[in-house]
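Listed here are the chains, written in short residue letters.
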Amino acid sequence: MRVVVAEDLFLLRDGLVRMLEAYDFEVVAAVESGPELSKALAELEPDVAVVDVRLPPSFSDEGLQCALGARRARPGLPVLVLSQHVEQLYARELLADGSGGIGYLLKDRVFDADQFIDAVRRVAAGGTAMDPQVISQLLDRRAQDKPLGRLTPRELEVMELMAEGRSNTAIAAKLFVTERAVAKHTSNIFGKLGLPPSDDSNRRVLAVLAYLDRG
């Protein structure tokens, strides 16, 4: 799997490269600035990009804006964003196109290599990998949305765990219920969010994106 890494701090960038390569990823570029990132994403067409929000030259949202531009040029390009803080505007903007393949992790809450690598793989496969703090802040702003108001408290718990990228098995273990119960809750969620069965779309990803970006 081909990866582009964008991080301005040398030690962190080098650490990310070494970790990814240790898990058999091919790092095709490791860059430190916005212009370098834009060029690498356009020319190399990686399977996934791991991007720090703040990059030179602006040190504001340079990394995210480059990723957004690349996703406009190549819809669905998987992007895993790394950030020091929860930036709601950035997260909403990243989720807005509804294409899937999105992750948003807080650097100081990534506790081990397996957690990080699992997130990269899920995003590369078109899924989501969202830090619970990011989800919580996004949901606080959308708690009164009409479609979400139809979800029961248990369905909201299932939805939040889905947004973290957890499987039905993992959700069942976390909530101490059966997988059959989780499947039933998931089916109810799809119905309440207006997502009928389809062979052409991943309803799980669409449900998460609709849930996080409904406004």
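Residues numbered from 1 in each chain as written. Predicted model: local features only at pLDDT ≥ 70, side-chain atom pairs only at ≥ 80, totals over all residues. Heavy atoms only, no water.

(A) Region of interest: the pattern of salt bridges. For the structure shown, the criterion picks out 8 salt bridges. Between D52 and K107 there is a salt bridge; the shortest N-O distance is 3.2 Å. Of this pair, D52 sits in strand β3 (residues 48–52) while K107 is found in the loop between β5 (102–106) and α5 (113–124), placing the two residues 55 residues apart along the sequence. We classify D52 as buried; its relative accessible area is 6%. (Salt bridge = Lys/Arg side-chain N within 4 Å of Asp/Glu carboxyl O. Helix = DSSP H or I, 4+ residues; strand = E, 2+ residues; numbered from the N terminus. Buried < 20%, exposed > 50% of the residue type's maximum accessible area, 1.4 Å probe, protein only.)

(B) Local environment of the pairing of strand β1 (residues 2–6). Across the 5 residues that make up β1, a large majority, 4, are buried. Note on the crossover from β1 through helix α1 (residues 10–22) to strand β2 (residues 26–31): the handedness is right-handed. (Right-handed = clockwise from strand over helix to strand, strands pointing away.)

(C) Structural view of the side chain of T128. Tracing the sequence through the fold places T128 in strand β6 (residues 128–130). Polar side-chain contacts of T128 include one of 3.3 Å to the backbone oxygen of A163. In this view, T128 contacts I102, R122, M162, A163, E164, G165 and V208; residues no more than four positions away in its chain are not counted. (Polar contact = N/O pair within 3.5 Å; in protein donor to acceptor, adjacent residues only side chain to side chain. Contact = heavy atoms within 4.5 Å.)

(D) Spatial organisation of the environment of G101. Looking at where G101 falls in the secondary structure, it is placed in the loop between α4 (88–95) and β5. Here G101 falls in the buried class, since its relative accessible area comes to 0%. With residues up to four places along the chain from it excluded, the contact list for G101 reads R71, L77, P78, V79, V123, G126 and G127.

(E) Looking closely at unusual backbone geometry. A cis amide bond, omega 10°, links P56 with the succeeding residue P57. Mapped onto the elements of the fold, P57 is located in the loop between β3 and α3 (62–73). Phi at D24 takes a positive value of approximately 70°, unusual for a residue other than glycine. Position of D24 relative to the elements: it lies in the loop between α1 and β2. One non-glycine residue, E45, lies in the positive phi region at around 45°. Along the polypeptide, E45 turns up in the loop between α2 (34–44) and β3.

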